[in-house]
Structures are given as C-alpha cells and as structure tokens.
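Overview (structure and organization)
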Amino acid sequence: MTDIAAPSSATGTARLGVLLMLLGMVMFSLNDVLGKWLVATYSVGQLMLIRSIAALVVLAPFFWRVGWRRLIEVERPKLHLLRAFLFAFEASGFYFAVAYMPLADAMTYWLAAPIYVAALSPLMLGEKVGWRRWTAIIIGFVGVIIALEPSKDSFTLPALIALAGSMAFGLAMVLGRSLRATPDTTLVFWQIAGAAVFSGIWCLTDPAGWAPVSSIDFGLLSLLGIVAMSAHMLVNRSLKLADASTVVPLQYTLLIWAVLFGWMFFGDAPRPAMLVGAVFIVASGLFIFFREQQLKRRG
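Residues numbered from 1 in each chain as written. Predicted model: local features only at pLDDT ≥ 70, side-chain atom pairs only at ≥ 80, totals over all residues. Heavy atoms only, no water.

1. A look at the layout of surface pockets
In this approach the atoms are scanned with a rolling probe the size of a water molecule, which exposes any empty space left behind. What the second largest pocket holds in volume is close to 230 Å³. Lining the second largest pocket are 14 residues; nearest its centre among them are Val74, Ala181, Thr182, Pro183 and Thr186. Its residues assigned to classes, the lining of the second largest pocket comprises five nonpolar, five polar and four charged. (1 Å grid on protein atoms, 1.4 Å probe; cavity = no way out; pocket = protein on both sides within 12 Å on 5 of 7 lines; lining within 4 Å. Points joined across faces, edges and corners; volume = space filled by probe spheres on them. Nonpolar A, V, L, I, M, F, W, Y, C, P; charged D, E, K, R; others polar.)

2. Side note on the packing of helix H4 (residues 77-98) against helix H8 (residues 157-178)
In the contact formed by H4 and H8, the axes pass within 8 Å of each other and the chain directions differ by 150 degrees. Considered as vectors, H4 and H8 are oriented roughly antiparallel to each other. When you trace H4 past H8, the crossing you get is left-handed. Across the contact of H4 with H8, the residue classes break down as 17 nonpolar, four polar and two charged. (Axes fitted to C-alpha atoms, helices over the stretch in contact; angles between N-to-C directions. Helix = DSSP H or I, 4+ residues; strand = E, 2+ residues; numbered from the N terminus. Parallel < 35°, antiparallel > 145°, perpendicular 65-115°, else oblique. Left-handed = near helix turned anticlockwise from the far one by under 90°.)

3. As for the confidence of the model for the protein
Across the protein, the average pLDDT comes to 87, with 95% of residues at or above 70. Scored below 50 in pLDDT, residues 1-6 shows zero contacts in the model against residues more than four places distant or in partner chains. (pLDDT = per-residue confidence, 0-100. Contact = heavy atoms within 4.5 Å.)

4. Re the packing of aromatic side chains
Applying the stated criterion to the full structure yields 14 aromatic pairs. Each ring, one from Trp68 and one from Phe189, has its centre 5.7 Å from the other, and the planes form 65 degrees; the classification is edge-to-face. With Trp68 in helix H3 (residues 68-72) and Phe189 in helix H9 (residues 184-205), the pair connects residues that are 121 residues apart, well separated along the chain. Given a relative accessible area of 34%, Trp68 falls into the partly exposed group. Taking the relative accessible area as the measure of exposure, Phe189 reaches 13% and is therefore buried. Relative to Phe198, the ring of Phe85 has its centre 5.7 Å away and its plane inclined at 65 degrees; by these criteria the two rings are edge-to-face. Note that Phe85 is positioned in helix H4 and Phe198 in helix H9, a separation of 113 residues in sequence. Classification of Phe85 as partly exposed rests on a relative accessible area of 42%. (Phe/Tyr/Trp six-rings, centres within 6.5 Å; stacked < 30°, edge-to-face > 60°. Buried < 20%, exposed > 50% of the residue type's maximum accessible area, 1.4 Å probe, protein only.)

5. A word on the side chain of Ser166
Of note, Ser166 is situated in helix H8. Classification of Ser166 as buried rests on a relative accessible area of 0%. One polar contact links the side chain of Ser166 to the main-chain carbonyl oxygen of Leu163, over a distance of 2.8 Å. The contact partners of Ser166, leaving out residues within four places of it in the chain, are Tyr109, Trp110, Ala113 and Tyr116. (Polar contact = N/O pair within 3.5 Å; in protein donor to acceptor, adjacent residues only side chain to side chain.)

6. Comments concerning H9
Between its terminal C-alpha atoms H9 stretches 32 Å, which fits the 32 Å expected from 22 residues at 1.5 Å a residue. Among the residues of H9, those classed as buried are Thr186, Leu187, Phe189, Trp190, Ile192, Ala193, Gly194, Ala195, Ala196, Ser199, Gly200 and Cys203. Structurally, H9 contributes buried residues whose contacts are with helix H2 (44-66), H3 and H4. (Expected span 1.5 Å × (residues − 1).)

7. Side note on the packing of helix H5 (residues 103-110) against helix H13 (residues 272-298)
Think of two packed helices as two axes; the pair is described by the angle between the axes and how far apart they sit. Axis separation between H5 and H13 bottoms out at 10 Å; the angle between their running directions is 25 degrees. As the angle between them shows, H5 and H13 are arranged roughly parallel. Seen from above, H5 lies across H13 with left-handed handedness. Only Met274, Ala278 and Ile281 of H13 make contact with H5, whose side of the interface consists of Ala104, Asp105 and Thr108. Looking at the contact of H5 with H13, its residues break down into four nonpolar, one polar and one charged.

Shown next as structure tokens:
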C-alpha cells in the first residue's frame, strides 16, 4: 500500500505546484495591469516608493525575527548594493515602459532575461556554455531585435528603457547566483530597501513628480507591493512542491496574460513583429533552461 500511495502523493504535490505557479503568474500579470493604470496618474518614483514601503511594512515581522543586524551586516555589501540598484532600476524601467507601450511588448523584453543570464554567466561566473546554448542565445537575441523592429521610429525612449531594464534584470539574476549562499530573507530585504531608497531619491530630485494621493489610490499603490510579494511567495512554494523542469516553463504564460489583459483593459493589439520575436525568445529561453537541467542531472 505504501508503494502505491507514494507516487499518488507525489503526483498530487506536483499538481499543486503547477497550480501555484500558474496562480503566481496571473497575480504578476494583474499587478502589471494595476501598475500600468496607476502610472498614468502618478510618477514612477511615487509609485515605486509607496509600493516598496508597503512591502517593507508587511515583511517587517519576518525581518524582525531574523534580526536587523544579520540583514545589514553581510559579506560583499557592494555586491548587494549593486544587485539592489539593478532590481530598482529594472522595476522602475518596467513601469516607465508600460506607461507608453503595450503590456505584451514590455513583457517580451523582460522574458529575454534568461538569455542575458546565459550570455553573462561565462564572463561573470566562469560557467561553461557549450555551442548549443550559445546558438540558443544568438537566436534569443535575434528575437529581441525582431521584437524591437529596428528603425528610426522604433528606437523610442520607452523601448530603449525597456531593453535596458530587462538587461538590468538579467544582470541582477547573475549577481543573485554569485550570492546564492545568502539567505533569501536577506536578499529580499536588500532588494526592497534598495527600491525604497532609489525611488525616494527620485522623488526628492523631482518635486513635480509627486501628486496628491487619495485614500483609495494609496491602498491600490500599496497593493502593488503586497500582490507582487504574494506572487513571489507562490512561485517559491511551487518550486518546492514540483520539479523546476515542470513549473519554470509555466512562467512564459506571463506573455499570454499580457496579451489578453492588454487587449481587455487597454485595447492594445499585439504587433506581428512582437509576436514573432516572442516566439524566438521563448523558444530560446526554454532550450537554455532544459539544457541546463540536463547538464545538472549529468553532473
């Protein structure tokens, strides 16, 4: 009976992991919709500051349990500062980009982050990348170029910031690999605190960027941080319940939701070039991921 029940239990756990990952992606997408709607009224700096403070308040009990000293006194603090800055820059870049371009377009650039990670890993971490993954990386970059649709009219400031933000996201992920020995709570604290400081400086240097906030909008701005944090928790939990090879590819459903919600809430129709580029990017990202999983099993 034990031998029969064990596989059934494992299957149920894996299914729960899949459901949590899918739910996390929906929450991320709804969070993006809310951010795009709010950034039409409030500056990116103001949005980021309230969002970050709300997340810090909600997570304060967990930080208190760990101890503030353990959170602040870390090895390689300069690397933590750089990682925090990159995450603050990429989040700000995303909200700036979606204020001027469709959700699906911005999401396509951000889905290219694993390609940047694979390309930077040999240079920054000394990881070996074979010809198969280099081919996938090149294909992914071709997809980015197709989605960008290079012309004198396409190189707009929002498109360039979206590209820079997605690259910053990839670089931050590489730094996260080099800081993998650091507890997750510490990494989260530096990431959120860095975003709060970054956006606070932004608001101080741009007084015109602060608008009066109604109580309802303050709640919605705070909800951005809480929903994003909850989505991260769902993703982390799904990775504990199911194999990465099962749930990680489901993160690309973000693009489906971005197209659907962009059309439903903002009337955005996806560009053909964006859809073609997205196919290249998703195919490249999936190949890189499964290739890395294969090499890990061999190791």
